[in-house]
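Chain by chain, the residues run as shown.
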Amino acid sequence: MSEDLVRGRLHRVLERRLRPARYGEGVPLTVTAWHAPGEPVDVATALGAGYEPFGAGERWGPPWGTTWLRCTATLPAAWAGRRAEAVVDLGFTGVGPGFTAEGLVYSPDGTPLKGVHPLNRYVPIDPGGPGGVGVAAAPLAAGTRVDFLVEAAANPTIHQPYPWAPTDLGDVRTAGREPLYRFGGAEVAVVDEEVRALVADVEVLDGLLDVLGPTEPRRYAVVRALTAMMDHLDRSELTGTWSARTARGMLAEILRSPAAPTEHRVTAVGHAHIDSAWLWPIRETVRKVARTVANVTALRASHPELVFAFSQAQQHAWLKEHHPALFERLRAAVADGAVLPVGGMWVESDANLPGGEAMVRQLVHGKRFFLAEYGVESDEIWLPDSFGYSAALPQIFRLAGATRFLSQKLSWNQTNRFPHTTFWWEGLDGSRVLAHFPPVDTYNSDLSATDLAGARERCADDGRTSRSLVPFGWGDGGGGPTREMLEHAERLEDLEGLPRVRIGTPAGFFAAAEAEADDAPVWAGELYLEVHRGTYTTQADVKRGNRRCEHLLREAELWCATAAVRGLAGYPYDELDALWKEVLLYQFHDILPGSSIAWVYREATQRYAVLERRIEELAHAAMAALAGQGRRTLVFNAAPHARDGVPALGAAAAVEAAVPHARRADDGGIVLNNDLVRVEIDPRGNVVSVYDLVAGRELVPAGAAAGLLRLHADHPVGADAWDVDEHYRAAALDLRDADSVGLAPDADGVPAVTVVRSHDGCRFTQRVRLPAGAPRVEFETTVDWHVPQRLCKAVFPLDVRADDVAAEIQFGHVRRPLHRNTSWETAKFEVYAHRFVHVGEPSYGVALVNDATYGYDATRHVRSDGGTTTVLALSLARTQQFPDPHADQGTHVFRYALVCGADVSAAVREGYRINLPPRTVVGGDDVAPLVTADGPAVVEAVKLADDRSGDLVVRLYEPLGDRARVLLSTTERVRDARLVDLLERDAGPAESDGDGVRITLRPFEIVTVRLRLESGP
């Protein structure tokens, strides 16, 4: 018989005979239902609700609705001493766990027991537990009474098979009320443990055949053993001598054959990647966390070998708030080593777009929670699914006490295969962490033979080591490991033909890897993901909300700390803590990047408005206290650089500069001039000349226009919200014609040109102006559009021959080549920056700064006159259709500026300026800065210590990639100065004298100083 026929026979035997035989005789459960109106309720409310009869085949669950099922039965007396399980079918669809209906099982006293999903449907029957149910099956007593509830969530399947299509199911307001599911029924059945074990034996050997070579002797031996086992089953059917134990014995020898001594070694770590929002809203993630933790802690009762890596302190905090009893189970599991808090971050955030201080707070809040609740501190950063990794991260990780990093996302690269598995990752400043990219290439492994063999084959360590980590368990939508995975793991510990598998901990894996890492390769710089480039731009409102809140929190902490130290107001510790945590939540890697459903963005934009208002109230209250009584107009400057006569981090009356002038040109165009820069705008509203009067240099090449709005057809091959593909450049439309071009002064008297354009029912309003006394051209662009699958860019062709672009990231900048000599450079056709990008020749440069955008592209070409045009193009907004069918449609306002004659230092300064506009308060005397720093170092944060001691904490960094000697001074008398880590733990004395604290910074180094003041609050 051919092997194809043998395997076809085997699969039929598994599906038709063995898997159904895992359960023996059964009795149906009596089911009643209560359909909760509106949003989910707690179990106490559900216990008091009115239930009605509910049977198999009945429809339930409008999208995002909840139905509570009460399941009862009295078990036959003849079952006494046997073990049984309830099996619940909510009407599961064919998609994987986390993407269809799912439920949480409660005992009748309201205790959560475990989750149910398509591949984990059982409820253990324990006659000693409330309602006869528990976390593990126990021998039955005669006439055991079963009674439990299921909180069934009607989560719609938005993740349809590719290609993903627009859907209204992504928001409860548009999803409709038609029920999604038909109840499949529920019963209690006797468990046949021997058959279950046989199924696991057969599944492991069947998987082994998927990876063994066609001529390997081992393959023939496995086929013969399985064939003999199936022949036994057929004979048993005729003779009535069926024995699963006999069948298992026929496979025992083939399962005992050990792996080769040099075989790849896998550390298998239980895991359930739970997206804090994605194709479900945040409130549903709270329930997914409860279902998953209930599953894991229940599974541990029957499989004590399980260890489970559980990241994202926010999810732990949700459990503590919403399910305190389950949180205590979690706490006990952490104490005995079953659950491992990993990652040390508040959420698994995006790793490119959050600002530097926000990345610090992700680690501060995450690590502090784990320390406070469990007394543990993870050394591993756990970011398996974020969309690329900034070069600033190794230093931030180390300063937070983490030296190890895990991800697998770069396996998604479309162009270049990342060359390393275990390596040293070197950051912007030279800091290194030991990184591991599991070659299994997934964070949701089911420990299949295909996964394990793939990990072995893709391990890129060239013989330096032969070990890797495999995170296993259902994820994205949660669920975690299953008992079937653990049963497979037991058989895979030492099996010929596959890697050796040991369940272990991330710490144990990294310790072993580090022992072998002396000659590990080094990767220096950013870890750029060659896919998902659209996430730098999609959902512009959320990106603006994030950027605004990051900078508002800087202001609030600065002014609140200044007022508190001077005894003018209390410091709002609790409120700042809560505000930061909510901002950090929205930096999750499917919220801030723009890849979640419409509900998530409706909620996030509403919450950003609330957050902005509250943070501004805190900042204004502190500024008012600092300004005191009087009639002077004071300008508060939260930026780390002085401007307009106002000191950095202080307040004073601004020095007014001469108002720029404007005139109409002979051709009907408009000329703006502030004696530093002259700008010419043609009659169609195009900026055709930007002339630096100081340098005597024209920046716009002949025939080009600066700030030109360009529309692209944007039809990615993959996923809408995630991807911008290079072919978008093939279709472009420049908006050169105007509906109107007007000239009028702004409120500050500065003349501004307003250009209105329209296309395809959309309206684009652009205001261009030259401010007083500054060499920059300011643009405010309002985009109001209502067409799908479009990308809008603001394009700046510059007469500058640059070799690279300096792009700001957290705590510094990276340089990206403008040439495309290699496939690695070519793949970076869309990249990201924070507040600025800069291009320049040795003696002249230009910066493009912004207040809310991240995506951009940079290209260059040589003109026919021999000159070089370097083009910077900001990506403003994308109207994509999945998973949010209306993403970015509507009105958006973007502010950016072209800074003439700028070096990188000026780019840093102007980037802060546009993101920290001055604030005007009427008061008395000037407000001296609480702290000052001379030299090029940037003061990033000024706050009071989190331990509420009243100590002042100042964080600064070197932004230019050069060494810096800095004197940090304060207006207050300092009793003690210490260097501290990001969690404000002592790292040694600071060099201080009567003038202040003297600090020497390496290129891009971050330093945090803690000052004990005589005048502390």
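What comes next is a walk through the structure. In this text, all values refer to a predicted model and were calculated from it rather than measured experimentally. (Residues numbered from 1 in each chain as written. Predicted model: local features only at pLDDT ≥ 70, side-chain atom pairs only at ≥ 80, totals over all residues. Heavy atoms only, no water.)

## Examining the overall build of the protein
Turning to step 1, where the next piece is worked out: Within the protein one finds 18 helices and 54 strands.
Turning to step 2, where the next piece is worked out: Seen along its three principal axes, the alpha-carbon backbone of the protein occupies a region of about 105 × 65 × 60 Å.
Turning to step 3, where the next piece is worked out: Counting only residues that meet the buried cut, the protein has 61% of its 1017 residues in that class.
Turning to step 4, where the next piece is worked out: Here the analysis covers contacts within the protein between residues at least 6 apart in sequence; of these, 74% occur between residues at least 24 apart.
Turning to step 5, where the next piece is worked out: Taken as a whole, the protein presents about 35500 Å² of accessible surface, with 50% of it coming from carbon and sulfur.
Turning to step 6, where the next piece is worked out: Within the protein, one finds 106 positive and 136 negative side-chain charges whose respective centroids are separated by 1 Å. (Helix = DSSP H or I, 4+ residues; strand = E, 2+ residues; numbered from the N terminus. Buried < 20%, exposed > 50% of the residue type's maximum accessible area, 1.4 Å probe, protein only. Contact = heavy atoms within 4.5 Å. Areas by Shrake-Rupley, 256 points an atom, 1.4 Å probe, with all protein chains shown as cover. Lys, Arg positive; Asp, Glu negative; His and termini not counted. Charge placed at Lys NZ, Arg CZ, Asp CG, Glu CD.)

## Comments concerning the layout of surface pockets
Turning to step 1, where the next piece is worked out: Space inside the second largest pocket adds up to approximately 930 Å³.
Turning to step 2, where the next piece is worked out: Lining the second largest pocket are 31 residues, with Arg19, Arg22, Leu119, Glu203 and Glu484 sitting closest to its centre.
Turning to step 3, where the next piece is worked out: When contributions to the lining of the second largest pocket are tallied by element, the ones reaching two or more residues are α1 (3–18), α3 (193–211), α11 (449–458) and α12 (483–491).
Turning to step 4, where the next piece is worked out: Looking at the lining of the second largest pocket, the element that brings in the most residues is α3, giving 6 residues.
Turning to step 5, where the next piece is worked out: Grouping the amino acids of the lining of the second largest pocket by side-chain chemistry returns 13 nonpolar, 7 polar and 11 charged. (1 Å grid on protein atoms, 1.4 Å probe; cavity = no way out; pocket = protein on both sides within 12 Å on 5 of 7 lines; lining within 4 Å. Points joined across faces, edges and corners; volume = space filled by probe spheres on them. Nonpolar A, V, L, I, M, F, W, Y, C, P; charged D, E, K, R; others polar.)

## Observations concerning the sheet that holds strand β10 (residues 145–153)
Turning to step 1, where the next piece is worked out: With respect to topology, 6 strands assemble into an open sheet ordered β3-β2-β5-β10-β7-β8, the strand pairing being antiparallel. Of all the strands in the sheet, the pair left with one neighbour each is β3 (52–53) and β8 (112–116).
Turning to step 2, where the next piece is worked out: Bridge count between strand β7 (residues 102–106) and β8: 4 bridges; the pairing is antiparallel. Across the sheet, valine 105 pairs through a bridge with lysine 114, a residue of β8.
Turning to step 3, where the next piece is worked out: Running over the sheet, helix α6 (residues 282–302) touches β5 (66–74), β7, β8 and β10 and is turned about 105° from β8. (Pairing = 2+ DSSP bridges. Axes fitted to C-alpha atoms, helices over the stretch in contact; angles between N-to-C directions.)

## Considerations on the pattern of salt bridges
Turning to step 1, where the next piece is worked out: Applying the stated criterion across every chain yields a total of 102 salt bridges.
Turning to step 2, where the next piece is worked out: Glutamate 357 is the salt-bridge partner of arginine 955, the closest N and O atoms lying 2.6 Å from each other. In this pair, arginine 955 is assigned in strand β48 (residues 952–957) and glutamate 357 in helix α9 (residues 356–374), connecting sequence segments 598 residues apart.
Turning to step 3, where the next piece is worked out: What makes glutamate 357 buried here is its relative accessible area of 7%.
Turning to step 4, where the next piece is worked out: It is possible to trace a salt-bridge network through shared partners that takes in Glu39, Glu102, Glu151, Arg283, Glu284, Arg287, Lys288 and Arg291. (Salt bridge = Lys/Arg side-chain N within 4 Å of Asp/Glu carboxyl O.)

## Considerations on unusual backbone geometry
Turning to step 1, where the next piece is worked out: Following phenylalanine 882, the chain continues to proline 883 via a peptide bond in cis, the omega torsion being 5°.
Turning to step 2, where the next piece is worked out: One can find proline 883 in the loop between β43 (868–879) and β44 (890–899).
Turning to step 3, where the next piece is worked out: Of note, glutamine 539 is a non-glycine position whose phi angle comes to about 60°, a positive value.
Turning to step 4, where the next piece is worked out: Relative to the assigned elements, glutamine 539 resides in the loop between β22 (522–524) and α14 (540–565).
Turning to step 5, where the next piece is worked out: Residue classification places glutamine 539 among the buried positions, given a relative accessible area of 7%.
Turning to step 6, where the next piece is worked out: One non-glycine residue, aspartate 644, lies in the positive phi region at around 50°.
Turning to step 7, where the next piece is worked out: Of note, aspartate 644 is situated in the loop between β23 (632–637) and β24 (650–652).

## Considerations on the environment of serine 448
Turning to step 1, where the next piece is worked out: Considering the arrangement of structural elements, one finds serine 448 in the loop between β19 (432–436) and α11.
Turning to step 2, where the next piece is worked out: Its relative accessible area of 22% is what places serine 448 among the partly exposed residues.
Turning to step 3, where the next piece is worked out: Here the alpha-carbon distance between serine 448 and aspartate 210, two residues 238 residues apart in the chain, equals 9.6 Å.
Turning to step 4, where the next piece is worked out: A distance of 3.1 Å separates the side chain of serine 448 from the backbone nitrogen of aspartate 451, its partner in a polar contact. (Polar contact = N/O pair within 3.5 Å; in protein donor to acceptor, adjacent residues only side chain to side chain.)

## Some points on empty space enclosed by the protein
Turning to step 1, where the next piece is worked out: Applying the stated rule across the entire model yields 12 cavities of 30 Å³ or more.
Turning to step 2, where the next piece is worked out: Along the walls of the largest cavity sit 23 residues, with Gly355, Gly356, His551, Arg835 and Glu940 positioned nearest its centre.
Turning to step 3, where the next piece is worked out: Counting only elements with at least two residues in the lining of the largest cavity, the list comes to α9, α14, β37 (804–809) and β47 (938–944).
Turning to step 4, where the next piece is worked out: The element that contributes the greatest number of residues to the lining of the largest cavity is α14, accounting for 5 residues.
Turning to step 5, where the next piece is worked out: Per-class residue counts for the lining of the largest cavity are 10 nonpolar, 5 polar and 8 charged.

## A short note on the state of the cysteines
Turning to step 1, where the next piece is worked out: Taken as a whole, this structure holds 0 disulfides when the rule is applied.
Turning to step 2, where the next piece is worked out: Between cysteine 560, a cysteine without a disulfide, and cysteine 549, which holds the nearest cysteine sulfur, the sulfur-to-sulfur distance is 15 Å.
Turning to step 3, where the next piece is worked out: Residue classification places cysteine 560 among the buried residues on the basis of a relative accessible area of 4%. (Disulfide = S-S within 2.5 Å.)

## Focus on the pairing of strand β13 (residues 265–271)
Turning to step 1, where the next piece is worked out: Taken across its 7 residues, β13 has 6 buried, putting it largely inside the fold.
Turning to step 2, where the next piece is worked out: Direction of pairing for β13 relative to strand β21 (residues 500–503): parallel, over a ladder of 4 bridges. Counted as the bridge partner of valine 266 is valine 501 from β21.
Turning to step 3, where the next piece is worked out: Where β13 meets strand β14 (residues 308–310), 2 bridges bridge the pair, whose relative direction is parallel. Looking across to β14, one finds that glycine 270 is bridged to phenylalanine 308.

## Observations regarding the pairing of strand β6 (residues 84–89)
For a regular strand, side chains alternate in direction, first toward one face of the sheet and then toward the other.
Turning to step 1, where the next piece is worked out: Sheet analysis places β6 next to strand β12 (residues 185–191), joined by 6 bridges and oriented antiparallel. Looking at β12, one finds that alanine 84 is bridged to valine 190.
Turning to step 2, where the next piece is worked out: Where β6 lies against strand β9 (residues 122–124), 3 bridges are found, and the strand directions are antiparallel. Counted as the bridge partner of alanine 86 is valine 123 from β9.

## Digging into the environment of threonine 970
Turning to step 1, where the next piece is worked out: Relative to the helices and strands, threonine 970 is located in strand β49 (residues 964–970).
Turning to step 2, where the next piece is worked out: When the C-alpha positions of threonine 970 and histidine 661 are compared, they lie 41 Å apart, and in sequence the two are 309 residues distant.
Turning to step 3, where the next piece is worked out: Here leucine 930 takes part through its backbone oxygen, which lies 2.8 Å from a polar atom of the side chain of threonine 970.
Turning to step 4, where the next piece is worked out: Engagement of the side chain of threonine 970 in a polar contact is seen with the backbone nitrogen of glutamate 972, the distance being 3.3 Å.

## As for the packing of aromatic side chains
One pair of aromatic rings is described through two measures. These are the centre distance and the angle between the planes.
Turning to step 1, where the next piece is worked out: Within the structure shown, the criterion is met by 37 aromatic pairs.
Turning to step 2, where the next piece is worked out: For the pair tryptophan 164 and phenylalanine 882, a centre-to-centre distance of 5.1 Å together with 40° between the ring planes defines the contact as tilted. Residue tryptophan 164 is located in the loop between β10 and β11 (181–182), and its partner phenylalanine 882 is located in the loop between β43 and β44; the two are separated by 718 residues in the primary sequence.
Turning to step 3, where the next piece is worked out: Tryptophan 164 sits in the partly exposed class, given a relative accessible area of 23%.
Turning to step 4, where the next piece is worked out: Owing to a relative accessible area of 2%, phenylalanine 882 belongs among the buried residues under this scheme.
Turning to step 5, where the next piece is worked out: What links up through ring pairs into an aromatic cluster is the set Tyr389, Phe397, Phe405, Phe418, Phe423, Trp425, Phe437, Trp523 and Trp824.
Turning to step 6, where the next piece is worked out: Sitting over the ring of tyrosine 122, lysine 114 keeps its end group 4.2 Å from the ring centre.
Turning to step 7, where the next piece is worked out: Of note, arginine 816 hangs over the ring of tyrosine 832, and the distance from its end group to the ring centre comes to 5.0 Å. (Phe/Tyr/Trp six-rings, centres within 6.5 Å; stacked < 30°, edge-to-face > 60°. Lys NZ or Arg CZ within 6 Å of the ring centre and 35° of its normal.)

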